[in-house]
Amino acid sequence: MLDLKLIRQDPDAVRAALARRGDEVARRLDAVIGLDGERRALIPRLEELRAQRNEAADTIARAKRSGEDATGAIAAQREAGAREKELSRELAEIEERLEAALAPLPNLPDSTAAPGPEDEVLRVAGDVPKLPFKPRDHLDLAGSMIDMEHAATMSGARFAYLKGDLVMVELALVRFALEKLRGHGFEPVVPPVLVRERALYGTGFLPDTEQQIYRLADDELFLVGTSEVALASLHDDEIVAVERLPLRYAGFSPCFRREAGAAGKDTRGIFRVHQFEKVEMFSFVEPDASTEEHERILAIEEEILSELDLPYRVVNISVTDLGNSAAKKYDCEVWLPSQERYRELTSCSNTTDYQARRLNIRVRREKKIAPLHTLNGTAVAVGRTIIALLENGQREDGTVALPDILAAYGAPAVLGA
RNA sequence: GGAGAGGUGGCCGAGCGGCUGAAGGCACUCGCCUGCUAAGCGAGUAUGGGGCUAAACCUCCAUCGAGGGUUCGAAUCCCUCCCUCUCCGCCA
């Protein structure tokens, strides 16, 4: 949610910022400005009427108490009441339209977000393996440890059974990530994955990505596509004392995505599936600390990738590809030998005050109260990390060497031996 | 799933349909006082939105789980929903 006061004070700056996402986006601001004007024209009229009615009600009360007749005053009140109701309805209607115009507007991009249309490669790290043989893809390498046939029969396309050693790798990855994050001050959380609409609205996934979200048939509940949704709601409607910030959480949960509109894309293996597990970072920080926190989260993502010996590059995502809530986003893309290119593995966003405004999460500094800033980032997207580990650790005989660090968390040293 | 109780300010808790934005207590802040890690005294301490402002102050409106309704007037009455607790049932 954008700040109405800012829009009012400096509409040109807001319009210019939105225009970086596209001219069409910036044009949507005009409706908001118009409705805000209507609203503020109406409010003084309504409130003056209410003040008069409140005063008249007191007069009636006093008359009643002293036993006087108030029939005339009561009749007048009844009439004023009808007018009040009318104006109230009018205001409610305007506010509803204002909300409908304002809520879908995306966050203002950070000035350092990549201008687009292309993402901006910031750096390349790690060694791309020079394989003296034709690389296999993750599905070949996993063999029976990934069973998509039975998953497809049972649940449909884009589902998988993970079996045997790969399960141990998954658990090792999760444990590795959670302990690392804890060391960085993130509190581990296993959140609910079924949520009400408000949580999705509050995080900006609604109205924006509805076609991506599973909805239950018999209950007003949705399956989250990321634990970000649940972590953001942890301080829903709170005023947090500044001394408590930053608040950092590491969520571990399954994630569910419909992948509608992705038909035909990444259909082989578990790169793009409807269900996967993920360890996610989420931070609540002071407004002027979010830029630094964003770099911090990115650094943790890179630390994890380095320790897993994965070759990757960091990209600054183009403003035209930013989700609604992000002001700036970095992706870490991992090298996949079978595809001979970098693919998205982790992602971190600074959502500034966009989600906080929607979820009504504020910080109190001295006497001042203002929306705080929230950020999120992937620590480990388990499925894709497994893909990366398999492909980059593969040997000519089809076995896979896993990074040493995972052994400490229960993963085997070699897969498929 | 069945039966019942309840949701009031940071917390506890009182609230007859009008004088309650809300008693009282706790906590916190500031001041006073007291020579001994505390007590006493005084004052203050919600949020959002308008207006006026450079800002503060001030002022008005709204808010007693949420949304509707009754009424001249609702924290108080009615309806729907949400949540919490207790008992029963079921269950990993």
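None of the values given here were measured: they were computed from a predicted structure.

### Let's talk about the overall build of chain A
If you tally the helices and strands in chain A, you get 14 helices and 18 strands. Seen through its C-alpha atoms, chain A measures out along the principal axes to roughly 100 × 45 × 45 Å. When burial is assessed residue by residue, chain A has 48% of its 417 residues classed as buried. Contacts spanning at least 24 positions in sequence make up 74% of the contacts within chain A whose residues lie at least 6 apart. On chain A, roughly 20,400 Å² of surface is accessible, and the fraction owed to carbon and sulfur atoms is 49%. Counting 55 positive and 71 negative side-chain charges, chain A places the centres of these two groups 4 Å from one another.

### Regarding the packing of aromatic side chains
Ring pairs (aromatic) are described by centroid distance and by the angle formed between their planes. Scanning all chains against the criterion turns up four aromatic pairs. Judged by centre distance (6.0 Å) and plane angle (85°), the rings of Tyr 249 and Phe 284 are edge-to-face. Pair noted here: Tyr 249 is in strand β9 (residues 247-256) and Phe 284 is in strand β10 (residues 275-285), with a separation of 35 residues, a long-range link. Judged by relative accessible area, which is 0%, Phe 284 ranks as buried.

### With respect to the nonpolar core
If you look at the biggest cluster of nonpolar residues, it comprises 55 residues, and the most contacted ones within it are Val 169 and Leu 406. Tallying contributions element by element places helix α8 (residues 165-183) first for this core, with nine residues. Leu 406 has contacts with Val 169, Ala 172, Leu 173, Phe 176, Leu 308, Leu 389 and Ala 411, leaving out every residue within four places of it along the chain. If you look at the next biggest cluster of nonpolar residues, it comprises 25 residues, including Val 25, Leu 102, Ala 103 and Tyr 201.

### So, the sheet that holds strand β11 (residues 312-316)
Strand pairs in the sheet, formed through backbone hydrogen bonds, run parallel or antiparallel to each other. Spatially, eight strands are ordered β1-β11-β12-β13-β16-β10-β9-β4 in an open sheet, and the strand pairing comes out mixed. Sheet topology places β1 (120-125) and β4 (187-189) at the edges, where each strand pairs with a single neighbour. The mean inter-strand angle of the sheet, taken between neighbouring strand axes irrespective of direction, is 25°. Strands β4, β9, β10 and β16 (373-381) of the sheet are contacted by α8, whose axis makes an angle of about 5° with β10.

### Quick look at the domain arrangement of chain A
Split into domains, chain A comes out as domain 1 (4-102) and domain 2 (120-415). Each of domain 1 and domain 2 was reduced to a C-alpha centroid, and the two centroids are 43 Å apart.

### Thoughts on the protein's contact with RNA strand B
Arg 78, Arg 196, Arg 362, Arg 364 and Ile 369 are the nearest of the 24 residues found near RNA strand B. Contact between RNA strand B and Asn 54: a phosphate oxygen at 3.1 Å from a side-chain N or O atom of the residue. Take Ile 74: an N or O atom from its main chain is 3.5 Å from a sugar or linking oxygen of RNA strand B. Within the residue set of the surface near RNA strand B, elements represented by two or more residues are α4 (29-65), α5 (71-102) and β14 (362-365). Among the elements that take part in the surface near RNA strand B, α4 stands out by supplying 14 residues, more than any other. Residue composition of the surface near RNA strand B, grouped by class: nine nonpolar, two polar and 13 charged.

### Overview of the environment of Gln 275
Along the polypeptide, Gln 275 turns up in strand β10. Residue Gln 275 is classed as partly exposed on the basis of its relative accessible area of 38%. Along the primary structure Gln 275 and Ala 160 are separated by 115 residues, whereas in three dimensions their C-alpha atoms are 8.5 Å apart. Those residues within four positions of Gln 275 in sequence are excluded, and the remaining contacts are Phe 159, Cys 255 and Phe 256.

### Quick look at helix α11 (residues 290-307)
With 18 residues, α11 should reach 26 Å at 1.5 Å per residue; the first-to-last C-alpha distance of 26 Å fits that figure. Listed as buried for α11 are Ser 290, Glu 293, His 294, Ile 297, Leu 298, Ile 300, Glu 301, Glu 302, Ile 304 and Leu 305. Backbone geometry just downstream of α11 places Asp 309 in the positive-phi region, at approximately 60°.

### As for the packing of α8 against helix α13 (residues 382-392)
Where α8 contacts α13, the axes come no closer than 10 Å and their chain directions differ by 115°. One way to sum up the angle between α8 and α13 is to call them roughly perpendicular. Crossing of α8 against α13: the hand is right-handed. Touching Leu 166, Val 169, Glu 170, Leu 173 and Val 174 of α8 are Val 382, Thr 385, Ile 386 and Leu 389, all from α13.

### Quick word on the sheet that holds strand β7 (residues 222-223)
In spatial order, the strands read β5-β7-β6; together these three strands make up an open sheet with antiparallel pairing. The sheet is open, and its two edges are formed by β5 (194-195) and β6 (214-215), each paired on a single side. Across two bridges, β5 lies against β7 in antiparallel orientation. From the neighbouring strand, Val 195 faces β7, where its bridge partner is Phe 222.

### As for the state of the cysteines
Applying the stated rule across the entire model yields zero disulfides. Considering cysteine sulfurs only, Cys 348 is the nearest to Cys 255, which forms no disulfide, with 16 Å between them. Between Cys 332, a cysteine without a disulfide, and Cys 348, which holds the nearest cysteine sulfur, the sulfur-to-sulfur distance is 6.4 Å.

### Details of the environment of Leu 221
Mapped onto the secondary structure, Leu 221 falls in the loop between β6 and β7. The exposure class assigned to Leu 221 is partly exposed, which follows from its relative accessible area of 25%. Distance in space between the C-alpha atoms of Leu 221 and Glu 197 is 6.9 Å, their sequence separation being 24 residues. Ignoring any residue separated from it by four or fewer positions in sequence, one finds Leu 221 in contact with Leu 194, Val 195, Arg 196, Tyr 214, Arg 215 and Leu 216.

Cut-offs used in this document
- Residues numbered from 1 in each chain as written.
- Chains lettered and ligands numbered in written order.
- Predicted model: local features only at pLDDT ≥ 70, side-chain atom pairs only at ≥ 80, totals over all residues.
- Heavy atoms only, no water.
- Helix = DSSP H or I, 4+ residues; strand = E, 2+ residues; numbered from the N terminus.
- Buried < 20%, exposed > 50% of the residue type's maximum accessible area, 1.4 Å probe, protein only.
- Contact = heavy atoms within 4.5 Å.
- Areas by Shrake-Rupley, 256 points an atom, 1.4 Å probe, with all protein chains shown as cover.
- Lys, Arg positive; Asp, Glu negative; His and termini not counted.
- Charge placed at Lys NZ, Arg CZ, Asp CG, Glu CD.
- Phe/Tyr/Trp six-rings, centres within 6.5 Å; stacked < 30°, edge-to-face > 60°.
- Core = buried A, V, L, I, M, F, W, Y, C linked by side-chain atoms within 4.5 Å.
- Pairing = 2+ DSSP bridges.
- Axes fitted to C-alpha atoms, helices over the stretch in contact; angles between N-to-C directions.
- Domains from an automatic or database assignment.
- Near = heavy atom within 4 Å.
- Polar contact = N/O pair within 3.5 Å; in protein donor to acceptor, adjacent residues only side chain to side chain.
- Nonpolar A, V, L, I, M, F, W, Y, C, P; charged D, E, K, R; others polar.
- Expected span 1.5 Å × (residues − 1).
- Parallel < 35°, antiparallel > 145°, perpendicular 65-115°, else oblique.
- Left-handed = near helix turned anticlockwise from the far one by under 90°.
- Disulfide = S-S within 2.5 Å.

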